[in-house]
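So you can see what is in the structure, the chains are spelled out below.
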Amino acid sequence: MPKLYIETVGCQMNMLDSELVVASLRKEGYELVGTPREADTILFNTCSVRQHAEDKIYSALGRLKHAKKHNPKKIIGVLGCMAQKDQRLVFERAPYVDLVVGPGQLHQIPALLSEIAAGSGPRMEVSLDRAAGSRAEVERSFESYDPLRDHEMRPSPYQAFVRIMIGCDKFCTYCIVPKVRGPEQSRPAHQIEAEARQLAAEGCREITLLGQTVNSYKHTAGERTRRLSDLIALLHDIDGIDRIKFVTNFPKDMTDDLLAAVRDLPKCSHYLHVPAQSGSNAVLRRMKRGYTVEEYRDMLARVRDMIPDAAVTSDFIVGFCGETEEDFQASARLMREARFKNSFVFKYSERPGTKGAELLADDVPDDVKRRRNNELLAIQTEISEEDNQAFLGRQVEVLVEGKSKLNRGTSELPQLTGRTNCDRIVVFDGQERLVGQFLPVLVYDANAFTLFASIVTAHAGPEVYSLQAPHA
Ligand code: 5AD
Ligand code: SF4
């Protein structure tokens with residue numbers, strides 16, 4: 001039985017891709033192992049969003065050079081965004097790599113691996129460059145990769161990612177994604193529904209809909225065009241699915257019909273990831289984000305108005321081309337005002353092949369980027385801590401996800417971790433058999449990242465388990 005090791009970096013889309021690749025190889029008889037040393041086939045599912053992610057993969061490949069010399073039969077593959085971006089360059093930098101496969105060609109992996117094992121020599125399958133053909137041709141070269149699911153391969157049987165679209169058409173000037181993941185294409189609603197029904201039948205209780213700009217979802221079948229709000233309504237009817245999330249949202253596509261769906265459909269998580277990227281209009285313009293900070297604020301005001309308990313989270317890039325201290329202070333101001341539940345902050349990393357790299361100078365020194373990054377993180381931590389303190393003494397409902405890695409528990413019971421409807425992480429002591437259940441817990445401590453709670457016990461009466469906790 002061939003042994004497979006896979007390493008995945010990057011976003012949730014990559015995690016899903018790896019899950020599906022592993023599932024398809026298990027069907028072929030592969031067995032998953034925990035270290036590259038044990039493996040006959042080693043795959044890296046890669047990310048290109050920042051230089052750092054690529055450097056890490058190339059150094060991991062460098063470490064395999066001797067292993068390959070020692071055992072030339074070991075197959076080494078590079079998949080995903082960096083494979084699509086670097087293509088033949090991967091073979092130039094690591095000549096012992098056998099396989100390079102872009103994110104639009106992952107379905108070919110089982111066949112390619114058996115050809116390589118049979119002596120075909122190195123193989124590469126990538127999609128067309130965005131300018132290499134008509135829109136339809138380029139679209140066809142990026143295949144949505146969503147074969148039937150293997151529930152044993154999911155990290156948790158109770159939670160699953162469901163891809164609803166691939167690619168991106170926004171072309172923010174700093175971003176490599178539209179180039180490596182191709183044109184935006186929404187999957188047919190009935191296919192997504194069938195996948196969600198299958199997941200529910202297998203016991204899955206929470207689905208997270210994935211798209212680079214998930215709220216731009218739009219699919220026409222016959223007379224009927226469905227947007228994300230329509231799709232959510234369709235999925236909301238599936239028995240067994242109890243919580244629906246979706247990431248990542250593009251601020252300009254945060255329409256009222258979507259907010260109304262989140263407000264009115266009780267299975268919708270009140271968690272909205274809507275990256276602002278910057279609080280300065282000059283920077284937003286250079287990033288070609290297509291909105292002003294005033295428009296972002298208006299969008300937030302609509303969210304707060306329609307869903308007062310929504311937890312909104314954001315991404316920020318610091319040190320983008322030409323970012324002045326004033327521009328940066330505008331980002332800090334937006335972060336303070338918006339009181340995001342949390343924010344991911346990134347130092348700008350120039351990506352060859354983007355408009356930013358072509359037209360704008362990466363002129364903010366690294367130490368300035370680092371300082372701005374730390375400052376924004378400190379502001380966010382302060383806000384998260386204050387907001388989490390407000391949960392002390394409150395009862396919230398969590399979906400129990402598994403054993404906690406923190407383990408600061410004092411009792412005999414294992415420490416479990418779960419998430420509230422608003423995606424807050426909660427840690428509490430409890431029996432492992434509670435994993436996959438929705439439970440009310442009482443919060444007794446909190447820091448910026450975690451709520452600590454205890455299970456509301458049966459003393460309070462059995463009715464407590466059917467109690468619908470308010471959206472946390
Ligand atoms: N440099 C730094 N951060 C980036 N992101 C995307 N491209 C870059 C880049 N070139 C960030 C954005 C995006 C998140 C997934 O990664 O904030 O929302
Ligand atoms: Fe990148 Fe912008 Fe598309 Fe997000 S919306 S994937 S940041 S181009």
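Residues numbered from 1 in each chain as written. Chains lettered and ligands numbered in written order. Predicted model: local features only at pLDDT ≥ 70, side-chain atom pairs only at ≥ 80, totals over all residues. Heavy atoms only, no water.

**Topic: the site of ligand 1**
Part 1 of the reasoning: As a structural note, the neighbourhood of ligand 1 is formed by Val49, Arg50, Tyr174, Gln277, Asp315, Ile317, Phe346, Lys347, Tyr348, Ser349 and Arg351.
Part 2 of the reasoning: Measuring from a nitrogen atom of ligand 1, one finds a backbone N or O atom of Ser349 at 2.8 Å.
Part 3 of the reasoning: In the complex, the protein chains occlude 85% of the 400 Å² of accessible area that ligand 1 would expose alone.
Part 4 of the reasoning: For the shell around ligand 1, the elements supplying multiple residues, two or more each, are strand S15 (311–318) and strand S16 (343–347).
Part 5 of the reasoning: Residue composition of the shell around ligand 1, by class: five nonpolar, two polar and four charged. (Near = heavy atom within 4 Å. Polar contact = N/O pair within 3.5 Å; in protein donor to acceptor, adjacent residues only side chain to side chain. Areas by Shrake-Rupley, 256 points an atom, 1.4 Å probe, with all protein chains shown as cover. Helix = DSSP H or I, 4+ residues; strand = E, 2+ residues; numbered from the N terminus. Nonpolar A, V, L, I, M, F, W, Y, C, P; charged D, E, K, R; others polar.)

**What about empty space enclosed by the protein?**
Part 1 of the reasoning: Evaluated as defined, the whole model comprises one cavity of 30 Å³ or more.
Part 2 of the reasoning: Lining the largest cavity are Asp17, Pro103, Gly104, Phe142, Glu143, Ser144, Tyr145, Arg163, Ile166, Gly167 and Arg181.
Part 3 of the reasoning: Here the residues of the lining of the largest cavity are counted per class, giving four nonpolar, three polar and four charged.
Part 4 of the reasoning: The residue makeup of the lining of the largest cavity includes at least three contributed by each of domain 1 (3–139) and domain 2 (154–269). (1 Å grid on protein atoms, 1.4 Å probe; cavity = no way out; pocket = protein on both sides within 12 Å on 5 of 7 lines; lining within 4 Å. Points joined across faces, edges and corners; volume = space filled by probe spheres on them. Domains from an automatic or database assignment.)

**So, helix H9 (residues 189–201)**
For an α-helix, 3.6 residues make a turn, and residues three or four places apart therefore share a direction.
Part 1 of the reasoning: The first and last C-alpha atoms of H9 sit 18 Å apart over 13 residues, in line with the 18 Å expected at 1.5 Å per residue.
Part 2 of the reasoning: Among the residues of H9, Ala189, Ile192, Glu193, Glu195, Ala196, Leu199 and Ala200 are the ones counted as buried. Down the axis, H9 shows its buried residues gathered within 160° of arc, on one side only. Every exposed residue of H9 that faces more than 90 degrees away from the buried side is listed here: His190 and Ala201.
Part 3 of the reasoning: On its buried face, H9 sits against strand S7 (159–163), strand S10 (206–210), strand S11 (218–221), strand S12 (224–227) and helix H10 (228–236).
Part 4 of the reasoning: Of the residues trailing H9, Gly203 is marked for its positive phi of about 100°. (Expected span 1.5 Å × (residues − 1). Buried < 20%, exposed > 50% of the residue type's maximum accessible area, 1.4 Å probe, protein only. Arc of directions from axis to C-beta. Contact = heavy atoms within 4.5 Å.)

**Digging into the packing of aromatic side chains**
Part 1 of the reasoning: Under the defined criterion, the tally for this structure stands at six aromatic pairs.
Part 2 of the reasoning: The interplanar angle of 70° and the centroid separation of 5.9 Å between the aromatic rings of Phe316 and Phe340 together place this pair among those described as edge-to-face. Here Phe316, found in strand S15, pairs with Phe340, found in the loop between helix H14 (325–338) and S16; they are 24 residues apart in sequence, far enough to count as distant. Neither residue differs from the other here; Phe316 and Phe340 are each classed as buried.
Part 3 of the reasoning: Following the ring pairs from residue to residue traces out a cluster consisting of Phe250, Tyr291, Tyr296, Phe316 and Phe340. (Phe/Tyr/Trp six-rings, centres within 6.5 Å; stacked < 30°, edge-to-face > 60°.)

**Observations regarding the nonpolar core**
Part 1 of the reasoning: Within the largest apolar cluster, 58 residues are counted, with the highest numbers of intra-cluster contacts made by Ile207, Leu209, Leu228 and Leu231.
Part 2 of the reasoning: Per-element tally for this core: the top contributor is helix H13 (residues 293–306), with six residues.
Part 3 of the reasoning: Three or more residues apiece are contributed to this core by two domains, here domain 2 (154–269) and domain 3 (274–389).
Part 4 of the reasoning: Among the nonpolar cores identified, the runner-up in size contains 26 residues, and Leu4, Ala23, Leu113 and Tyr271 belong to it. (Core = buried A, V, L, I, M, F, W, Y, C linked by side-chain atoms within 4.5 Å.)

**Some words on the environment of Leu61**
Part 1 of the reasoning: Inspection of the secondary structure assignment puts Leu61 in helix H2 (residues 51–63).
Part 2 of the reasoning: Setting aside residues up to four positions removed in sequence, Leu61 forms contacts with Phe44, Ile76, Val78, Ala94, Tyr96 and Val97.

**Quick notes on the confidence of the model for the protein**
Part 1 of the reasoning: In the predicted model, the protein carries a mean pLDDT of 94, and 96% of its residues have values of at least 70.
Part 2 of the reasoning: Considering only residues more than four positions removed or in separate chains, one finds that residues 460–472, a stretch of pLDDT under 50, has 29 contacts. (pLDDT = per-residue confidence, 0-100.)

**Overview of the pairing of strand S3 (residues 41–46)**
Part 1 of the reasoning: With respect to burial, S3 is a largely interior element, six of its six residues being buried.
Part 2 of the reasoning: Alternating residues of S3 divide into Thr41, Leu43 and Asn45 and Ile42, Phe44 and Thr46, and every residue in both groups is buried.
Part 3 of the reasoning: Judged from the five bridges that link them, strand S1 (residues 3–8) and S3 form a sheet pairing that is parallel. Within S3, the residue paired with Ile6 across the bridge is Leu43.
Part 4 of the reasoning: In terms of strand pairing, S3 meets strand S4 (residues 75–80) through six bridges, oriented parallel. Bridge pairing in S4 places Phe44 opposite Val78. (Pairing = 2+ DSSP bridges.)

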